[in-house]
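If you want the building blocks of each chain, they are given just below.
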Amino acid sequence: MITILSGGTGTPKLIQGITKLMDPRKINVLVNTLENSYFSGVCVAADLDTVMYTLAGIINEKTWYGIADDTFITHETLNEINCPETLRIGDRDRAIKIQKTLLLERYPLSKVVDIQRKALGVKSRVIPMSDESSHVTITTDEGNMAFHDFLVKHQGKPEVLDIKYNTVEPAPGLIESIEEADKVIIGPSNPVTSIGPIISIEGVVDALKKSYVTAVSPIIGDTPVSGPAAKFMDALGHEVSCKGVAAMYQEFLDEFVIDIKDRIYEKEIEKLISNVVVTNTNMKNIGDKMMLAKSILGEIL
Ligand code: GDP
């Protein structure tokens, strides 16, 4: 059994590779819920939905958001009647978000996700990091902003000065799924706003210390493959490189996977983490994803 810590872009790519090689019933995915919010009356749990859609084989890989080949009739109609949406939500995607919103009136998020993943035919367990809601405040040179405000409304452009989020209680099964895993994989996700919130939950670091933990660097060279990780790491005083990510995770990491382009850092990172694997981590196609998955899973396969 393996347990994967995930955000909503980098790690889902790796999950696609892993599910080609392993029985999906032996996979648990622990998912960031920091950015969960309500838009157009429905609950948007962006990373959770992306992970579920990835495992169900229906994710829109162009955006890593929403369902492939979705239609946008409701979105377009809302625009026509002067009720524009902040997020462009597809029709099928909206149906799942409506179900989530309705189920949340009766059940905690972890139960809702379990009901939904089964409805989508997903055999892996998907566990939100918490049943409580968590909020992030991004302090920028243009004032304090919520995550979607910063990313969507301001297109990630303002200078980031600080990032703060509240801590939350672990969802049922979160700690156990780390402690009981043969291997824990921290995927290439944003270390500040995707992995950081999961790690900040009480009991997670202790559980990680007891398990064999591998992480993949989301930073290649001095830039993230996508998204605002560089701005966020810089704002919190972390070096924007795989070395900086290694330093953030070093207290619980047994193995760190860095890209071939970062080979020069191998010896330096070995001073922090006992096993350093150098390979191609830039997942452009299913072949890349499976190769990376194979080098991480190793003896588990
Ligand atoms: P978010 O929830 O959309 O922010 O997505 P994540 O946190 O899961 O992923 C964002 C991070 O994934 C960014 O820091 C990217 O650099 C990283 N990432 C995306 N694709 C790849 C890839 O193919 N390889 C690696 N190594 N990192 C990637």
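The structure presented is a predicted model; accordingly, all values stated were derived computationally and were not measured. Here the residue numbers are simple positions, counted from 1 along each chain's written sequence. Residue-level local features of this predicted model are given only where pLDDT is at least 70; pairs of side-chain atoms are given and counted only at 80 or more, and the full residue set underlies all totals for whole chains, interfaces and linings. Hydrogens are left out, water is left out, and the side-chain values use all remaining heavy atoms of the structure.

*Asks:* In this structure, what is going on with the site of the ligand? I would like to understand it.
*Replies:* Surveying the vicinity of the ligand reveals 19 residues, the closest of which are Thr9, Ser189, Ser194, Val225 and Thr281. Counted as a polar contact is a pair of N or O atoms within 3.5 Å, where, for protein atoms, one must be capable of donating a hydrogen and the other of accepting one, and residues adjacent in sequence contribute only when both atoms are in side chains. At a separation of 3.1 Å, an oxygen atom of the ligand approaches a polar side-chain atom of aspartate 47. Backbone polar atom of serine 217 to a nitrogen atom of the ligand: 2.9 Å apart, as the coordinates give it. Bound to the protein, the ligand loses 93% of the 590 Å² it would expose on its own. Only Asp, Glu, Lys and Arg are considered charged in this grouping, and only Ala, Val, Leu, Ile, Met, Phe, Trp, Tyr, Cys and Pro are considered nonpolar; every other residue, Gly among them, is considered polar. In terms of residue class, the shell around the ligand is made up of six nonpolar, 11 polar and two charged. What makes a residue near a molecule or strand is one non-hydrogen atom of that residue sitting within 4 Å of it. The Shrake-Rupley method, run with a 1.4 Å probe, gives the accessible areas here. Residue values count only the displayed protein chains as cover.

*Asks:* What am I meant to see in the pairing of strand S6 (residues 136–140) here?
*Replies:* Every regular strand shows the same layout, with side chains that alternate between the two sheet faces. A simple rule labels every residue: compare its accessible area, found with a 1.4 Å probe on the protein chains alone, to the largest value its type can have, and call it buried under 20%, exposed over 50%, or partly exposed in between. Helix numbers and strand numbers start at the N terminus; a helix is a DSSP run of H or I with at least 4 residues, a strand a run of E with at least 2. Of the two faces of S6, only the one carrying Val136, Ile138 and Thr140 is buried; Thr137 and Thr139 on the other face are not. The pairing criterion for strands is at least two bridges between them, as found by DSSP. Two strands pair when backbone bridges link them, and S6 and strand S8 (residues 160–165) are joined in this way by five bridges, in the antiparallel orientation. Across the sheet, residue valine 136 finds its bridge partner in S8, namely tyrosine 165. In terms of strand pairing, S6 meets strand S7 (residues 143–145) through three bridges, oriented antiparallel. What sits directly across from threonine 140, in S7, is glycine 143. Two successive antiparallel strands, S6 and S7, enclose a turn made up of two residues.

*Asks:* Hey, could you run me through helix H11 (residues 242–249) in this one?
*Replies:* Think of an α-helix as turning once every 3.6 residues; residues three or four places apart then point the same way. Counted residue by residue, H11 has six buried out of eight residues, so it is predominantly covered. For H11, the complete set of buried residues consists of Cys242, Lys243, Gly244, Val245, Ala246 and Tyr249. Two or three places before lysine 243, at the opening of H11, serine 241 has a side-chain oxygen 3.1 Å from that residue's backbone nitrogen.

*Asks:* What exactly am I supposed to notice about the sheet that holds S7 here?
*Replies:* What links the strands of a sheet is backbone hydrogen bonding, and the strands pair in either a parallel or an antiparallel sense. Strand order in the open sheet formed by three strands is S7-S6-S8, and the pairing between neighbours is antiparallel. The sheet is open, and its two borders are formed by S7 and S8, each paired with just one other strand. Taken over all neighbouring pairs, the strand axes of this sheet differ in orientation by 20° on average, direction set aside. Note on definitions: angles span 0 to 180 degrees between N-to-C directions of axes, and those axes are lines fitted to C-alpha atoms, for helices only across the stretch in contact.

*Asks:* Looking at this model, I keep getting lost on the environment of tyrosine 212. Mind explaining?
*Replies:* Along the chain, the position of tyrosine 212 falls in the loop between helix H9 (204–210) and strand S10 (213–216). For the pair tyrosine 212 and glutamate 179, spaced 33 residues apart in sequence, the C-alpha to C-alpha distance is 9.3 Å. Look past the residues within four positions of tyrosine 212 in its chain and what remains in contact with it is Asp182, Lys183, Val184, Asp254, Glu255 and Asn275. Within the structure, tyrosine 212 has its side chain in polar contact with the side chain of asparagine 275 (distance 3.0 Å). The contact definition used throughout considers only heavy atoms, calling two residues in contact when any of these lie within 4.5 Å.

*Asks:* How should the pattern of salt bridges be read in this particular structure?
*Replies:* Any carboxyl oxygen of Asp or Glu within 4 Å of a side-chain nitrogen of Lys or Arg constitutes a salt bridge here. Throughout the structure, instances matching the rule amount to 15 salt bridges. Salt-bridge contacts for glutamate 268 lead to lysine 243; the nearest nitrogen and oxygen are separated by 3.1 Å. You can see glutamate 268 sitting in helix H12 (residues 266–270) and its partner lysine 243 sitting in helix H11, a full 25 residues away along the chain. Taken together, the shared-partner salt bridges in this structure form one network comprising Asp49, Asp93, Lys97 and Lys100.

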